[in-house]
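In case you want the letters, here they are:
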Amino acid sequence: MTTNAKPIKILLAKLGLDGHDRGVKVVAKALQDAGMEVEYLGMRLTPEEVAEAAERESADVIGISLLSGAHKPLMDKLVKAVRNREMLGETLILLGGTVGDDEVTELQEMGVDGVFPVGSSLKSITKYIEETLRQKA
Amino acid sequence: MGLYDKDAIDRVRKQQEEWEKNELNGALEVGPERQDHYQTVSGTTIERLYTPEHVKDLDYQQDLGMPGTYPFTRGVYPTMYRGRLWTRRQIAGFGTAKSTNQRYKFLLAHGQTGISTDFDHPTLTGYDSYDPLSEGEVGRLGVAIDTLPDMADLFDDIPLDKVSISLTINHPAIVLLSMLLAHAEDVGVPWAALRGTVQNDSLKEFHGQKTFALKPRGAYRLTMDVVEFCTEHVPGWNTISISGYHTREAGSSAAQELAFTIAQAMAYVDGGLQRGMTIDDFGPRLAFFFGCHMDFFEEVSKLRAARRMWARITKERYGATNPKAMLMRFHTQTLGSTLIREGALNNIIRGTSQAIAAVLGGTQSLHVSGYDEAYDIPSEDAMRMSLNTQRIVGAETGITNTIDPLAGSFFVEHMTNQLEEQANVYLKTIEDMGNGNMQDGMFAAIDSGYIEREISQAAYEYQLRLENDEYMVLGLNDRVEGEIGPGELYEHDPEEETRQLDRVASVVKARNTAEAEQRLQELRAAAQGTDNLVSYVLAAVKAHATEGEIMGAFREIFGEYKDPGVL
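Right, let's walk through the structure included here. (Residues numbered from 1 in each chain as written. Chains lettered and ligands numbered in written order. Predicted model: local features only at pLDDT ≥ 70, side-chain atom pairs only at ≥ 80, totals over all residues.)

This part takes up the overall build of chain A. Within chain A, the regular secondary structure consists of five helices and five strands. Counted from the first residue to the last, chain A has its helices and strands arranged as β-α-β-α-β-α-β-α-β-α. Taken over C-alpha atoms, the radius of gyration comes to 14 Å for chain A, in line with the 14 Å a tight globule of 137 residues would show. Projecting the C-alpha coordinates of chain A onto the three principal axes gives extents of approximately 40 × 30 × 25 Å. Sorting the 137 residues of chain A into buried and exposed places 50% on the buried side. In chain A, once contacts between residues fewer than 6 apart in sequence are set aside, the share between residues at least 24 apart is 70%. (Helix = DSSP H or I, 4+ residues; strand = E, 2+ residues; numbered from the N terminus. Rg over C-alpha atoms; globule rule 2.2 N^0.38 Å. Buried ≥ 20, exposed ≤ 12 C-beta atoms within 10 Å, placed from the backbone. Contact = placed C-beta atoms within 7 Å.)

Laid out in structure tokens, this is it:
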């Protein structure tokens, strides 16, 4: 990254009542260390609140962490909220957490760009974000 | 007085110097060690060799003592597992109360000796099943309990005076405990005959489990109301299970787990004393709950250090004279976060190793996490395996035949000391935040995000060690050849949510609405004053007020906690 390039802006959040926030915080720190601008919104947010924040902050990436098993209905709502703001495709939507291997395709068809099940390395997440945004630019 | 005289230590040191110069150097010239640096899972440096020199100041009477005597380092009972094995207590809960009741009967039939209840997220956070926030989470990761009739279903045909019950609930603890007390009345079991535990550790919610509902001070008041009420009316009940498990799951180090748990405990003791109780009265019913990670000796040492620290603090700081108020009884659970998805059956070995460490650490009860929990809540097969693991460790390994068999190990005693020292540094920091008072210190440490930041930094450092291959985990950064799958997984029944919604609707429809409203109104009024709130909550649950209604009243009065999003 050249010195005058704008850093990648990423919003991280947890939806629903899920309280497992170790992963999202570790990812936040890794993305910060990779030079990205990270804002962690915290937990118990609604999909609408997250989409609104992404619009307000002109975020490049929305990263959601879910270990509650409720990711399908919640991500569906988030994708819709992002689409309603005409940001779908502009803003990358990522999901990390306890996602079954067999659910990845379904989530991608729904409109989630990248899925990172438990056990994904920090490097793989950073690399995915950097490369995908570079290709889009 | 140390265990060794100075001359003996000098001789050891001399011998070690000779050994380093000759044998060791010779060996290192032939081949270097596998790693430049050895460390525990928590990142503490481990030396090549531990000798009497590392424990030269160890004083047997002051630092270890006899089992069942101060400072309880060697165990809380004089006979330990020679007298009675630990309680095998696997936590369980999913779907509706009726479904979970079936699982309890299955576990009791397969060698479980106590019940532990896992609630779903809506119940844990104080929302009813029909709340919009609950959608998709009703009965998903635990059992859904909305009203007293659900509690009756949960413990249907389970003899409350014979099986001990643990309720893993925190901010709404006062509500769920009241439901259990009301149910006990209904089935004719006197409160004095009840044995069990309510987790009721409101403070750890802000940095550990994160299923908070209320702002810290309101939540803390409810915790202390339960302590006060049970001390008087439910004498066999453990009033708080002061928990490090969730802190460790949130990514803390072993020393942080130890320190923050004890800091929580001290804040509760301060609260009890403020209410005019003595530590000799309520101290004996405070229980603890730790996680057990993969680093075997670090975990054994942590558990030994925990007992000693608590004994010292209760006696020296709080002036306890009743030994029961000084001894730390604890439950241990093998850490869910150490379970790896790839090669799921390998998790049986992880659970076994952690279980052995917990037993060598002197635990009073144990939950071995299911091998398939990296996928979902455990299947029946996984729970059976967990119980069998405990039975094999108890019966076949011989580690239960003598008390505290690792005592006197230069390494274990040194690490026990080291963990106590590391934890004391955190305790001092928190105490300073409260100008000498641990209750104020904990509120300050929570409000400022101090504890959360400390934990997430440790979690990040651990993750970096993994990513840099400084700590190898099979199936994570160490590839598994020929994956061994988990077998048949738990199958979530999405219809359970509908069943629960119907259930609440019918209870609410059948109740006397005016009476329920009246009880909730009385509760609100009392919450604005200083009365103990348990009797008000009891009256409300008997009128079939829902958990969400009662917690809603508390949210109004005490304020709802919003996650500050501390990194």
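All names here are of chain A. Within the span of helix α2 (residues 47-57), buried status applies to Pro47, Val50, Ala51 and Ala54. Along the axis of α2, the buried residues cluster in a sector spanning 100 degrees; they form a single face. Ser58 lies just past α2 and shows a positive phi near 45 degrees. (Arc of directions from axis to C-beta.)

Residues and elements named next belong to chain A. In terms of burial, strand β4 (residues 92-97) is a largely internal element, six of the six residues being buried. The side-chain alternation of β4 yields two buried faces, one formed by Leu92, Leu94 and Gly96 and the other by Ile93, Leu95 and Gly97. In this structure, strand β3 (residues 61-66) lies alongside β4, joined through six bridges in parallel fashion. Bridge pairing in β4 places Leu66 opposite Gly97. Since β3 and β4 lie parallel, the crossover through helix α3 (residues 71-84) that links them has a hand, and here it is right-handed. Bridge analysis of β4 against strand β5 (residues 114-117) gives four bridges, and the strand direction is parallel. Pairing of Leu94 across the sheet is with Gly114, part of β5. Taking the sense of rotation as the criterion, the β-α-β connection linking β4, helix α4 (residues 104-110) and β5 turns out right-handed. (Pairing = 2+ DSSP bridges. Right-handed = clockwise from strand over helix to strand, strands pointing away.)

For the rest of this paragraph, the subject is the interface of chain A and chain B. Counting from both sides, the interface comprises 25 residues of chain A and, opposite them, 28 residues of chain B. Secondary structure elements with two or more residues in the side of chain A that touches chain B: α1 (22-33), α3 and α5 (122-136) of chain A. Top element by residues in the side of chain A that touches chain B is α1(A). It accounts for five residues. Residue composition of the side of chain A that touches chain B, by class: 11 nonpolar, seven polar and seven charged. (Nonpolar A, V, L, I, M, F, W, Y, C, P; charged D, E, K, R; others polar.)

The next thing to look at is the nonpolar core. If you look at the biggest cluster of nonpolar residues, it comprises 189 residues, and the most contacted ones within it are A:Leu78, B:Val226, B:Ile262 and B:Val537. By residue number, the principal contributor to this core is helix α10 (residues 254-274) of chain B, which donates 12 residues. Beyond its immediate stretch of four places on either side in the chain, A:Leu78 contacts A:Leu15, A:Pro47, A:Val50, A:Ala51, A:Ile64 and A:Ile93. (Core = buried A, V, L, I, M, F, W, Y, C linked by C-beta atoms within 7 Å.)

Shape descriptors only; they carry no functional weight alone.
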